[in-house]
Amino acid sequence: MAVALFIACGSNAGQQIPVSAGQPVLVGRTSRSDYAFPGDTYLSGVHFEIACNEGECAVRDLGSSNGTFLNGARLGQDSVAVKDGDQISAGEMTLVGNRGMSD
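What comes next is a walk through the structure. (Residues numbered from 1 in each chain as written. Predicted model: local features only at pLDDT ≥ 70, side-chain atom pairs only at ≥ 80, totals over all residues. Heavy atoms only, no water.)

Brief notes about unusual backbone geometry
- A positive phi is found at Asn 71, a non-glycine position, where the angle reads about 50°.
- Here Asn 71 lies in the loop between β7 (68-70) and β8 (73-74).
- By relative accessible area, which is 49% here, Asn 71 ends up partly exposed. (Helix = DSSP H or I, 4+ residues; strand = E, 2+ residues; numbered from the N terminus. Buried < 20%, exposed > 50% of the residue type's maximum accessible area, 1.4 Å probe, protein only.)

The following block contains the structure:
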């Protein structure tokens, strides 16, 4: 399952983060992340992870200081399923998930 996270709000609006099945993606502020946004001072160094398999995608917070939110609810460090159109908020960004292929 191919998924793209589109950055809808924040200074990085318009960018996208591709996520491929079997390859978890780390998002944060530093180069320890696969996608680093150093200008977003509200992000932790490695803030959250999103991972997909053939059937679904899931997001989890990685112990960030300011939290990761899915549709407004703060996430813990357990993975939570992400559906098309869900909003992930972290730092100053809001990302919207969209599958790159239909069922």
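Re the pairing of strand β5 (residues 48-52)
- Counting buried residues in β5 gives 4 out of 5 residues, a clear majority hidden from the surface.
- By the bridge criterion, 3 bridges tie strand β3 (residues 25-28) to β5 in an arrangement that is antiparallel. Residue pairing for β5: Val 27 is matched across the bridge by Phe 48.
- Where β5 meets strand β6 (residues 57-61), 5 bridges bridge the pair, whose relative direction is antiparallel. Residue pairing in the sheet places Ile 50 in a bridge with Val 59 of β6.
- Hairpin connection from β5 to β6: 4 residues lie between these consecutive antiparallel strands. (Pairing = 2+ DSSP bridges.)

Considerations on the side chain of Asp 61
- Note that Asp 61 resides in strand β6.
- Arg 74 is the oppositely charged side chain nearest to the buried, salt-bridge-free Asp 61, at an N-O distance of 6.0 Å.
- Engagement of the side chain of Asp 61 in a polar contact is seen with the backbone nitrogen of Gly 63, the distance being 2.9 Å.
- Once you skip the residues sitting within four places of it in the chain, Asp 61 turns out to touch His 47, Phe 48, Gly 67, Thr 68, Leu 75, Gly 76 and Gln 77. (Lys, Arg positive; Asp, Glu negative; His and termini not counted. Salt bridge = Lys/Arg side-chain N within 4 Å of Asp/Glu carboxyl O. Polar contact = N/O pair within 3.5 Å; in protein donor to acceptor, adjacent residues only side chain to side chain. Contact = heavy atoms within 4.5 Å.)

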